Amino acid sequence: MQIHNISKQDSILNTFIAEIRDVTVQRDAMRFRRNIERIGEILGYELSKSLRYTPKVTKTPLGQSTDNILDNDIVLCSILRAGLPLHNGLLHYFDKAENAFISAYRSPKANTNSFTIVTEYFAAPSLEKKTLLLIDPMLATGKSLVAVYDAIKNNGAPEEIHIVSVLGTTEGIDFVEKHFPENTHLWIAAIDATLNEKGYIIPGLGDAGDLAFGTKQ
Ligand code: URA
């Protein structure tokens, strides 16, 4: 797997990451969602440099210009519900993309801190020969991404897979690497130190779904 950790190079991205982590700033749900969208836009721009382009002649008011235009058939696939703001950010740039949604949640195993991932609702177009962007803002254990990948395999074989994530851990990335094809790319805003016993990223930012959309019962 090719890992692209975008925060390694200083840019405005790191300001957005600091804001989504900050216990005070992150309380503003609208700002939290918008920051995740902005991170999606930046990751989408970085990822776009690895895609395929063909020249297109465009008529301008004063002549004509030949510009290289994105050629890939893109499918954006998000895990509900936390993936939605990141999905939106990517959709701002890949505006012709098809879209897929899948629900996945952690089902705790009795009397332990461990859990299995249950996938349920699934709506997706064909993935055959498409460029699949698998969107998961928090790559913690990596189990959700692997469960989602297993669930969508029946919809066809994508030509390329790009995982797009905001925060991850080395442990989760190693797990994902073992289960995805070798030529998969990971575009990630930042990689954190570790996971706690409940599978939360440390230092992380807390629960991305709750911060974006409110707590659940
Ligand atoms: N999901 C989250 O929202 N936060 C984490 O730290 C891990 C998984």
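Please refer to the structure higher up on the page.
Residues numbered from 1 in each chain as written. Predicted model: local features only at pLDDT ≥ 70, side-chain atom pairs only at ≥ 80, totals over all residues. Heavy atoms only, no water.

Asks: Looking at this model, I keep getting lost on the pairing of strand E10 (residues 185-192). Mind explaining?
Replies: Residues in a regular strand point their side chains to alternate faces of the sheet. Most of E10 sits out of view: seven of its eight residues are buried. Here strand E1 (residues 2-5) pairs with E10 via four bridges, running parallel. Of the residues in E10, the one forming a bridge with Asn 5 is Ile 188. Here strand E9 (residues 160-169) runs beside E10; their pairing, made up of seven bridges, is parallel. Opposite Leu 167, over in E10, you have Ala 190 as the bridge partner. (Buried < 20%, exposed > 50% of the residue type's maximum accessible area, 1.4 Å probe, protein only. Helix = DSSP H or I, 4+ residues; strand = E, 2+ residues; numbered from the N terminus. Pairing = 2+ DSSP bridges.)

Asks: For this particular structure, what's the right way to read helix H5 (residues 170-179)?
Replies: In an α-helix, one turn spans 3.6 residues, which is why side chains three or four residues apart end up on the same side. Among all positions in H5, only Gly 172, Ile 173 and Val 176 are buried. Buried residues of H5, seen end-on, are gathered within an arc of 100 degrees and therefore sit on one face of the element. Residues Glu 171 and Lys 178 are exposed on H5 and point more than 90 degrees away from its buried face. (Arc of directions from axis to C-beta.)

Asks: Looking at this model, I keep getting lost on the site of the ligand. Mind explaining?
Replies: Near the ligand, the surroundings consist of Arg 106, Met 138, Ala 140, Gly 199, Tyr 200, Ile 201, Gly 206, Asp 207 and Ala 208. Backbone polar atom of Gly 206 to a nitrogen atom of the ligand: 2.8 Å apart, as the coordinates give it. At 2.8 Å, a backbone N or O of Ala 208 approaches an oxygen atom of the ligand. Coverage of the ligand by the protein chains reaches 88% of its 240 Å² of free accessible surface. (Near = heavy atom within 4 Å. Polar contact = N/O pair within 3.5 Å; in protein donor to acceptor, adjacent residues only side chain to side chain. Areas by Shrake-Rupley, 256 points an atom, 1.4 Å probe, with all protein chains shown as cover.)

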